[in-house]
Amino acid sequence: MSKVEDFEELRPLLFSIAYRILGSVSEAEDAVQETWLRFDGSATRPTSTKAFLSATVTRISIDVLRSARVRREEYVGPWFPEPLLSDPYQDPARSAELADSVSMAALLLLERLSPLERAVFLLREVFAFGFDEVAAAVGRSEAACRQLLVRARRHMEAGRPRFAADRQERQRLAARFFDALENGDVGGLRKLLAADVQLAGDGGGKAPQLARAVMGADNVARVLGSVFPWLMRIGVTFEPHEVNGQPGATFRDRDGKILYTLVLEVLDGQIQTIRGVINPDKLGHLGPVADAWAIDREMKQARRRMN
């Protein structure tokens, strides 16, 4: 196989590693491209192309993450990962680990780890690399990597929910949720929400969003029921779609431009967390981005006319 063929075969794996380390589609794509440039510029072919490329994209991603963390500390409002509608890498033997590790909840838990802990945890626990490969990728001894993994596991397990829902249960609950959302059925929404449900949006200061996180079933149901039906009236449409492996939806304006993504976290038969991403910088990979400020103004004008 040529270098290009070797690389293209491994591209889905490289992107999946980079995205989980970085939580950013655009930065992951840049890391994969930089990996190609280094591979293409190498005068010799590595013994294992997979090991070489995986190590290269991991090191690049670690460096990017270290600089990105400074920006995230200054981020306006809650920071969420860029929404991912489909993971290009599939491995039937690791399907459960891959699906769990790409969820918004898991990616936010990974933010608690140091860049090295994060990389070691993902390469070992999610992608099942050997400790020798992990050590080569992060430039540490195998003994050091084992210690990094122990610390990472401890952080991850402490933050994981105790009860998760199966896929079919999540999809049934999500279908009922989006029906109620479209109809502004506050009572119907309330029945689906956990008592301590949280609703939060990531606008990054670049799009309208809730002033603060909303908590509690009554409050969240009222906010959802008072906003989304009005969006529907001014031509906003939505399409149920998995977002980061969880039930969610993409919202678009009347011209089909992407406005918003919403993802639901379902636990123990109820919706526990609702996260929305409306920051235009995080939506460009999904297509042309809508003007959220203009839509917000139009919605408010429609409400005033009706009142």
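Below is a short write-up of the structure. (Residues numbered from 1 in each chain as written. Predicted model: local features only at pLDDT ≥ 70, side-chain atom pairs only at ≥ 80, totals over all residues. Heavy atoms only, no water.)

**Things to note about the overall build of the protein chain**
Spelled out, the test is: Strands here mean DSSP runs of E at least two residues long; helices mean DSSP runs of H or I at least four residues long; both are numbered from the N terminus. Atoms counted for the radius of gyration: C-alpha only. Globule rule: 2.2 Å times the number of residues to the power 0.38. Buried residues are those whose accessible area, probed at 1.4 Å on protein chains only, stays under 20% of the maximum for their type, while exposed residues exceed 50% and partly exposed ones sit between those limits. Whether two residues are in contact is decided by their heavy atoms: any pair within 4.5 Å suffices. Here, Shrake-Rupley sampling with a 1.4 Å probe gives the accessible areas, and only protein chains in the shown set may cover a residue.
Helix and strand counts for the protein chain stand at 12 helices and 6 strands. Relative to its length of 307 residues, the protein chain is compact, with a C-alpha radius of gyration of 21 Å against a globular reference of 19 Å. Counting only C-alpha atoms and orienting by the principal axes, one finds that the protein chain spans roughly 70 × 40 × 35 Å. Taken across its 307 residues, the protein chain has 50% of its residues classed as buried. In the protein chain, the share of contacts with a sequence separation of at least 24, taken over all contacts with a separation of at least 6, comes to 67%. Just so you have it, the protein chain exposes about 14700 Å², and 49% of that area is on carbon and sulfur atoms.

**Side note on helix α11 (residues 217-233)**
Because the α-helix completes a turn every 3.6 residues, residues three or four places apart line up on one side. Here is the rule we go by: Multiply 1.5 Å by the residue count of a helix minus one, and that product is the helix's expected span.
Its 17 residues give α11 an end-to-end C-alpha distance of 25 Å, which sits within 8% of 24 Å, the value for a rise of 1.5 Å per residue. When we look at burial in α11, the residues that qualify are A217, V220, A221, L224, G225, F228, P229, W230, L231 and M232. At the exit of α11 stands G235, carrying a positive phi of roughly 100 degrees.

**Quick notes on the sheet that holds strand β3 (residues 237-240)**
Strand-to-strand pairing in sheets goes through backbone hydrogen bonds, with the strands running parallel or antiparallel. The following threshold applies: Pairing between strands is defined by DSSP: at least two bridges between them are needed. To obtain an axis, a line is fitted to C-alpha atoms, over the contacting stretch when the element is a helix, and the angle between two such axes runs from 0 to 180 degrees between their N-to-C directions.
One open sheet holds the 6 strands; their spatial order is β2-β1-β6-β5-β4-β3, and the pairing between them is mixed. Taken across any chain shown, the strands that pair with only one partner, and hence form the sheet edges, are β2 (214-215) and β3. Inspection of the sheet shows strand β4 (residues 248-252) paired to strand β5 (residues 258-267) by 5 bridges, in the antiparallel sense. Across the sheet, G248 pairs through a bridge with V263, a residue of β5. Relative to β5, helix α9 (residues 167-183) is tilted by about 130 degrees, and along the sheet it contacts β1 (193-202), β3, β4, β5 and β6 (270-277).

**A word on unusual backbone geometry**
Residue A128 is not a glycine yet carries a positive backbone phi of 60 degrees. Position of A128 among the secondary structure elements: in the loop between α6 (115-126) and α7 (131-138). The class of A128 is partly exposed, set by a relative accessible area of 40%. Positive phi is not limited to glycine here, since N244 has a value of about 55 degrees. Note that N244 resides in the loop between β3 and β4.

**Some words on the nonpolar core**
In a soluble, globular protein the nonpolar side chains are often hidden away together inside. How we decide: Definition of nonpolar core: a set of buried residues of the types Ala, Val, Leu, Ile, Met, Phe, Trp, Tyr and Cys, connected through side-chain atoms within 4.5 Å.
I17, Y19, F121 and F127 are the most contacted members of the largest nonpolar core, which has 49 residues in total. Of all the secondary-structure elements, those providing two or more residues to this core are α1 (3-22), α2 (25-41), α3 (49-73), α5 (104-110), α6, α7 and α8 (142-159). Sorting elements by how many residues they give to this core places α1 first, with 10 residues. In this structure F127 touches L13, S16, I17, R20, Y89, R94, L98 and L122, once residues within four positions along its chain are discounted. Among the nonpolar cores identified, the runner-up in size contains 39 residues, and A180, I234, M299 and A302 belong to it.

**Side note on the pattern of salt bridges**
For the record, the criterion: When a carboxyl oxygen of Asp or Glu is within 4 Å of a side-chain nitrogen of Lys or Arg, the pair counts as a salt bridge.
On inspection of all chains with the given rule, the structure shows 18 salt bridges. Linking E97 and R94 is a salt bridge whose minimum nitrogen-to-oxygen distance equals 3.8 Å. Using a relative accessible area of 18% as the deciding quantity, one classes R94 as buried. One connected set of salt bridges, linked through shared partners, spans R72, E111 and R118.

**Things to note about the pairing of β5**
With 10 of its 10 residues buried, β5 lies for the most part within the structure. Linking β4 back to β5 in an antiparallel pair, the connection comprises 5 residues, with G256 at a positive phi of about 85 degrees. Bridge count between β5 and β6: 7 bridges; the pairing is antiparallel. If you follow L264 over to β6, its bridge partner there is I274. Between the end of β5 and the start of β6, which pair antiparallel, lie 2 residues, with D268 showing a positive phi angle near 50 degrees.

Nothing here speaks to function; it is geometry throughout.
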